[in-house]
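Okay, here's what each chain looks like letter by letter:
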Amino acid sequence: MKITRRFLGAAMAAAIGASASMPAFAQSATQGLSSESVIEAIKERGALKIGLSLFKPWSMRDLNGDLIGFELDVGRQLAEDMGVEVEFIPTSWDGIIPALVAGNFDVIISGMTVTPQRNLTVNFSMPYAYSGMTILANTAMTEGFALEDYNSEEITFAARRGATPATVIAEMFPKATLLLFDEDGAATQEVLNGNAHATMASEPGPSDDARDNPETLSVPFNQAYQAGGEGFAMRKGDPDALAFFNSWITWRTNTGWLKERHDYWFRGDEWKAEVAQ
Amino acid sequence: MLDKLKKLHWLDYLVLAVVVGFFGYIWWQIEGVLNYNWRWGQIPNYIVRYHTGREEWFANLLLQGLVATIRISIYASILAVILGTILGIARCSANLTIRMLARTYLEFLRNIPPVVVIFIFFFFLSQQLINALNIESWARTIARSDDKAVWEFFFGDMRRFPSLISGVIVLALFESAFVGEIVRAGIQSVDKGQREGARSIGMNRFQEMRYIVLPQAIKRVLPPLANQFITLIKDSAIISLISVQELTFKTVELVASTRLLFEAWITTAAFYFVLCFGLSMLFRRLENRGQRRR
Amino acid sequence: MSAATDIYAPKGKPLPKPARVSQVIDSVTFSVALYAGIIGVIIYVSYTGAQAMGYNWQWYRIPQYFYTVTDDGFQWGEIVYGLLKTIQLSATAFALATVLGLIVALMRLSGLLIVGAVSVGFLELIRNIPLLVLLYLFYYVLGPVFGFDRYTASVLCLGVFHSVLISEIFRAGIEAVAKGQWEAATSIGMTKGQAYRYIILPQSIRFMLPPMTGEVVHMVKSSAIVSVIAVAELTTIGRNIISDTYMSFEIWFTIAAVYMVVTLILSVGVSMVEKRYAVSQ
């Protein structure tokens, strides 16, 4: 019964809203477009909702259980510049784009590589970071392999479901078997255990992992693949948001802030003391 | 003690040897072959910690997750009991349409894996409900106000309230099918004479249900309902797949941030065990006490 | 025949027939039609509601995942492959669970000190941990220790989890066999083991079969959870397709429908078994 009443209430609200918006048809098209933008929604709400998925060092939990990382710095600065509060919504990676489309948050700032396939569903800002991917391999199982040797039916790769490495591996090594996991740590664990020959991930992940496990893991090739750039992802049909985020990224790139933050998290290791290793 | 030892059968020794051998093998593998550095020392930090910034003790990731699981389980149980009772009554209804609709709902939930049900309900229902009822801005206003301590006790960080409510709704809808079956069994176990008696003093169907049948039915099915509560706590782990911040999800985050793979999962399993086992012991004792009184 | 009126003939006016309207409403056809109508309305509202949200229904893309007819001929699609894998996984895990469950049940009923304690400890431990957490434990903790791959870890986890439930079924079935059978067996000089093998277990099967077949259905449903560790089976295939094509609703409903068909077929089997082995009280 409660549900019927709610539906009735929603229907009445819709009817009243529709009739009240009659004068709005007199508005010009541009005004209509701006008022529908997520930027307006953010201003009204007073809070910016950012979706992210934990992945070192983009975002992770420190010893206090708080979220720290490159994305957190970017998000907090963005919200401060917009004059609103910020809310981070940790989401599992393979549901993050559906969650954006469904409206759980306003933008994805989670080290998401710009790819045409994703671009069919969401809009991307210009890149705010460029992290290529390198191959992380199980040293014992891939001794003496050249790049072409990885493209064979006996080779198994591990990757995170829905992440760019998965697509890149499928393209570069079509004959190899590809296993997909929910989390990056799972894919790396697979290589560590010897159940997969190699995985691909964005730097500095592979170098860090190889440093932590020098006997088992190594980064065989210095080349970084697909340094295509990571961008903010937002819902389609929102030119104002696209323009706003692009301008913000341009400004912060030109003042050197983005590079400074990127180097702090990706090249340095002062932050490692705050996170359990 | 010695006379107990004398009662031991050769099978006892065999089983003991197998168990010791099993754990011994695990220990040897972990220490020797895998070269794993046990870092148990870091786990208590993730349960309770003295915050360096705020200079106070607070519950860290794992304890936050545990509390969230408890909250979600309690609220989902209450909702599931309400929905399940309605469903159970509908299954016993005289109207064929209502019976068929209830049966369809039940079969839908009983024949599809919980994982799939959770995803379907999440995408298809709870998102819509939250948007329609505007829960989010309401929760945000509370999070911004000053007297949020009471709210935070019951619901945790109010900014994450929509996600909590999604989890509760999805879990309650899923469990309501099983509660519905339990309630139906309870209703059907009430003696027919009771109903006839109720009718003969002029009660209509609604009054009969409310004053005569339901009280007796519920009393009879309290043990299975208590078991269903424990099952609900275990099923709550699945809602980590829709990114609800409960214990399993927090453990996944912990592992992603620190690679404390073994310690984190063993600790979380221990938390669930203590919670569920403790509750089942409690229910067993309450049931014994209840039966003795009768 | 006396002139007195037949005392058994009904007296007074006959009961009024119910009004035409309530006759129609209470009839079976009307109820079924109303039910079909309500279901139809729900489906319609969900469909258009999703479209209004901006969701683009693409049902036409679904059949290719069931089968494709290319130049190479007829090929089964990914969903069918996933289904076969699910059945294989469930069957293997069920076999393991049955064997393990029988062992645990016998241990529990043995009355021996350590044997009983170990079985009770095992039961309580597995019963009070969620299946998902158990899966993570098997895969991330026991996996590296024993060197399992993800398929073995899933089979073991599902087998162990369901062995607990099956052992309870075995125990109930064994205890349901009348006490007199035990006494008769021992009185003709059988040992406990022989009594189990020749007298008790064969009779207990009749009690155990109905709940056991229910466990088969339960196992198929539990198998979906192994998608979190990327084991090839129906739910995993579904999630992979969704992450490639973003057709969340269509795929989830299709997967749900496939599971429903499988469990309905199994349930039909269950009711046939139940009818054959029904215990006449």
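The rules behind these values
Here, residues in each chain are numbered from 1, in the same order as that chain's written sequence. Chain letters and ligand numbers both follow the written order, the letters beginning at A and the numbers at 1. Reporting of local features is limited, given that this is a predicted model, to residues whose pLDDT is at least 70; pairs of side-chain atoms are given and counted only at 80 or more, and all residues count toward the totals for whole chains, interfaces and linings. Here a helix means four or more residues in a row that DSSP labels H or I, a strand means two or more in a row labelled E, and each is numbered from the N terminus. For this measure, only C-alpha atoms enter the radius of gyration; the expected value for a globule follows 2.2 Å times N^0.38, where N is the number of residues. Put simply, a residue is buried when 20 or more other C-beta atoms lie within 10 Å of its own C-beta and exposed when 12 or fewer do; between those, it is partly exposed, and each C-beta is set from the backbone. Remark: residues whose backbone-derived C-beta atoms lie within 7 Å of one another are considered to be in contact. Three classes are used: nonpolar for Ala, Val, Leu, Ile, Met, Phe, Trp, Tyr, Cys and Pro, charged for Asp, Glu, Lys and Arg, and polar for all others, with Gly counted as polar. Take the residue count of a helix, subtract one, and multiply by 1.5 Å to get its expected span. Here the arc refers to the directions that run from the helix axis out to each C-beta atom. A set of buried residues drawn from Ala, Val, Leu, Ile, Met, Phe, Trp, Tyr and Cys, joined through C-beta atoms within 7 Å, is what defines a nonpolar core. Only when DSSP finds a minimum of two bridges between them are two strands counted as paired. The source of the domain bounds is an automatic or database domain assignment. Helix axes use the C-alpha atoms of the stretch in contact, all axes being lines fitted to C-alpha atoms, and the angles between their N-to-C directions lie in the range 0 to 180 degrees. We call two directions roughly parallel when the angle between them is under 35 degrees, roughly antiparallel when it is over 145, roughly perpendicular when it lies between 65 and 115, and oblique otherwise. Note on convention: near helix rotated counterclockwise from far helix by under a right angle means a left-handed crossing. Clockwise means right-handed. Scored between 0 and 100, pLDDT is the confidence that the predictor attaches to each residue. Note on handedness: a crossover is taken as right-handed if, strands pointing away from the viewer, the path from the first strand over the helix to the second is clockwise. Bend is computed residue by residue as the angle between axes fitted to the seven residues ending at the residue and the seven residues starting at it.

Caption draft 1: Expanded view of the overall build of chain C. What chain C contains, in helices and strands, is 10 helices and 2 strands. Its C-alpha atoms give chain C a radius of gyration of 28 Å, clearly above 19 Å, the size a compact globule of 281 residues would have. In terms of overall dimensions, chain C has a C-alpha envelope of 90 × 75 × 40 Å along the principal axes. Counting all 281 residues of chain C, 32% fall into the buried class. If you take every contact in chain C between residues at least 6 apart in sequence, the share linking residues at least 24 apart comes to 69%.

Caption draft 2: The arrangement of the overall build of chain A in detail. Secondary structure summary: chain A contains 11 helices and 12 strands in total. Relative to its full complement of 277 residues, chain A shows a buried share of 43%. At a minimum sequence separation of 6, the contacts of chain A that also span at least 24 residues come to 73%.

Caption draft 3: Structural view of the interface of chain B and chain C. Facing 41 residues of chain B, the contacting portion of chain C comprises 38 residues. Those elements that place two or more of their residues in the side of chain B that touches chain C are helix 2 (10-33), helix 5 (96-111), helix 6 (114-133) and helix 14 (261-293) of chain B. Sorting elements by how many residues they give to the side of chain B that touches chain C places helix 14 of chain B first, with 10 residues. The class makeup of the residues in the side of chain B that touches chain C is 31 nonpolar, 6 polar and 4 charged.

Caption draft 4: Seen up close, helix 4 (residues 113-127) of chain C. Residues and elements named next belong to chain C. The terminal C-alpha atoms of helix 4, which comprises 15 residues, lie 21 Å apart, in line with the 21 Å expected from a rise of 1.5 Å per residue. Those residues of helix 4 not exposed but buried are Val-115, Ser-119, Leu-123 and Ile-126. Along the axis of helix 4, the buried residues cluster in a sector spanning 80 degrees; they form a single face.

Caption draft 5: Local environment of the nonpolar core. Counting residues in hydrophobic clusters, the biggest one holds 200 residues, and the most contacted among them are Val-116, Ile-118 and Val-170 of chain B together with Leu-135 of chain C. A total of 16 residues in this core trace back to one element, the largest contributor, which is helix 9 (residues 161-189) of chain B. Sequence-distant contacts of Ile-118 of chain B, defined by excluding residues within four places in its chain, comprise Val-170, Phe-174, Ile-238, Ile-239, Leu-241 and Ile-242 of chain B.

Caption draft 6: A look at the interface of chain A and chain B. Chain A puts 21 residues into the contact, and the matching count from chain B is 26 residues. At the level of secondary structure, the elements contributing two or more residues to the side of chain A that touches chain B comprise strand 2 (60-61) and strand 4 (85-90) of chain A. Looking at the side of chain A that touches chain B residue by residue, the class counts come to 9 nonpolar, 7 polar and 5 charged.

Caption draft 7: Region of the structure containing the sheet that holds strand 8 (residues 156-160) of chain A. Residue and element names in this part refer to chain A. One open sheet accounts for 5 strands, arranged 9-8-10-7-11; its pairing is mixed. Two strands in the sheet have a free side with no partner beyond their single neighbour: strand 9 (177-181) and strand 11 (217-218). Inspection of the sheet shows strand 7 (residues 133-138) paired to strand 10 (residues 198-202) by 5 bridges, in the antiparallel sense. Across the sheet, Met-133 pairs through a bridge with Ser-202, a residue of strand 10.

Caption draft 8: Broad picture of the domain arrangement of chain C. As far as domains go, chain C holds domain 1 (20-55) and domain 2 (80-276). Of note, the centres of domain 1 of chain C and domain 2 of chain C, computed from C-alpha atoms alone, are 38 Å apart.

Caption draft 9: Spatial organisation of the packing of helix 6 (residues 150-176) of chain C against helix 8 (residues 192-222) of chain C. All names here are of chain C. Helix 8 packs onto helix 6 with a crossing angle of 150 degrees between their chain directions and a minimal axis gap of 8 Å. As judged from the angle between their axes, helix 6 and helix 8 are roughly antiparallel. Crossing hand, helix 6 versus helix 8: right-handed. Here helix 6 contributes Leu-158, Phe-161, His-162, Leu-165, Ile-166, Ile-169, Phe-170, Gly-173, Ile-174 and Ala-176 to the contact with helix 8, which in turn contributes Ile-200, Ser-204, Phe-207, Met-208, Pro-211, Met-212, Glu-215, Met-219 and Ser-222. Of the residues in the contact of helix 6 with helix 8, the class split is 14 nonpolar, 4 polar and 1 charged.

Caption draft 10: Summary view of the domain arrangement of chain A. Residue and element names in this part refer to chain A. Each assigned domain of chain A is listed here: domain 1 (31-130 + 229-274) and domain 2 (133-218). Between the C-alpha centres of domain 1 and domain 2 there is a distance of 27 Å. Listed by partner, the interface residues are 10 residues for domain 1 and 11 residues for domain 2.

Caption draft 11: Summary view of unusual backbone geometry. Residues and elements named next belong to chain B. The phi angle at Ser-243 is positive, at roughly 60 degrees, despite the residue not being glycine. Along the chain, the position of Ser-243 falls in the loop between helix 12 (222-235) and helix 13 (247-258). Looking at Ser-243, the number of C-beta atoms within 10 Å reads 24, which means it is buried.

Caption draft 12: Geometry of the sheet that holds strand 6 (residues 123-124) of chain A. All names here are of chain A. One open sheet accounts for 5 strands, arranged 4-1-5-12-6; its pairing is mixed. A strand with exactly one partner marks an edge of an open sheet, and here the two such strands are strand 4 and strand 6. Across the sheet, helix 4 (residues 70-82) lies against strand 1 (47-52) and strand 4, angled at about 150 degrees from strand 4, the strand it touches most.

Caption draft 13: Focus on the confidence of the model for chain C. Across chain C, the average pLDDT comes to 83, with 94% of residues at or above 70. The ipTM for the predicted assembly is 0.87, set against a pTM of 0.80.

Caption draft 14: Quick look at the pairing of strand 8 of chain A. Residues and elements named next belong to chain A. Strand 8 sits mainly inside the fold: 4 of its 5 residues count as buried. When strand 8 meets strand 9, the two strands line up parallel, connected through 5 bridges. Residue pairing for strand 9: Thr-156 is matched across the bridge by Thr-177. In this fold, strand 8 hands off to helix 7 (residues 164-172), which returns the chain to strand 9; that crossover is right-handed.

Caption draft 15: View of the packing of helix 4 (residues 61-91) of chain B against helix 9 of chain B. All names here are of chain B. Two elements in contact, helix 4 and helix 9, have axes separated by 5 Å at closest approach and are oriented at 40 degrees. Here helix 4 lies oblique to helix 9, going by the angle between them. Both helix 4 and helix 9 take part in a crossing whose hand is right-handed. Class assignment for the residues of the contact of helix 4 with helix 9 results in 17 nonpolar, 6 polar and 3 charged.

Caption draft 16: Representation of the environment of Phe-207 of chain C in the model. Residue and element names in this part refer to chain C. In this fold, Phe-207 is placed in helix 8. The class for Phe-207 is partly exposed, based on 19 C-beta atoms found within 10 Å. As for Phe-207 and Leu-266, which are separated by 59 residues in sequence, their C-alpha atoms are 19 Å apart.

Caption draft 17: Inspection of helix 8 of chain C at higher detail. Residue and element names in this part refer to chain C. Under the 1.5 Å per step criterion, the end-to-end length of helix 8 is only 36 Å for 31 residues, more than 12% shorter than the ideal 45 Å. Where helix 8 bends most, the angle comes to about 50 degrees, and this point is Met-208, followed within four residues by the proline Pro-210. Taken residue by residue, helix 8 has Ile-200, Ser-204, Met-208, Met-212, Val-217, His-218, Met-219, Val-220, Lys-221 and Ser-222 as its buried positions.

Caption draft 18: Spotlight on the environment of Thr-104 of chain B. For Thr-104 of chain B, the position within the fold is in helix 5. Once the C-alpha coordinates of Thr-104 of chain B and Ile-82 of chain B are considered, the two residues, 22 residues apart in sequence, prove to be 19 Å apart.

Caption draft 19: Structural context of the confidence of the model for chain A. All names here are of chain A. In this model, chain A carries a mean pLDDT of 80, and residues with pLDDT of at least 70 account for 85%. Mean pLDDT in chain A bottoms out at helix 1 (residues 2-20), which sits at 53, and peaks at strand 5 (residues 107-108), which reaches 94. Counted against residues more than four places away or in other chains, residues 20-26, with its pLDDT under 50, gives 0 contacts.

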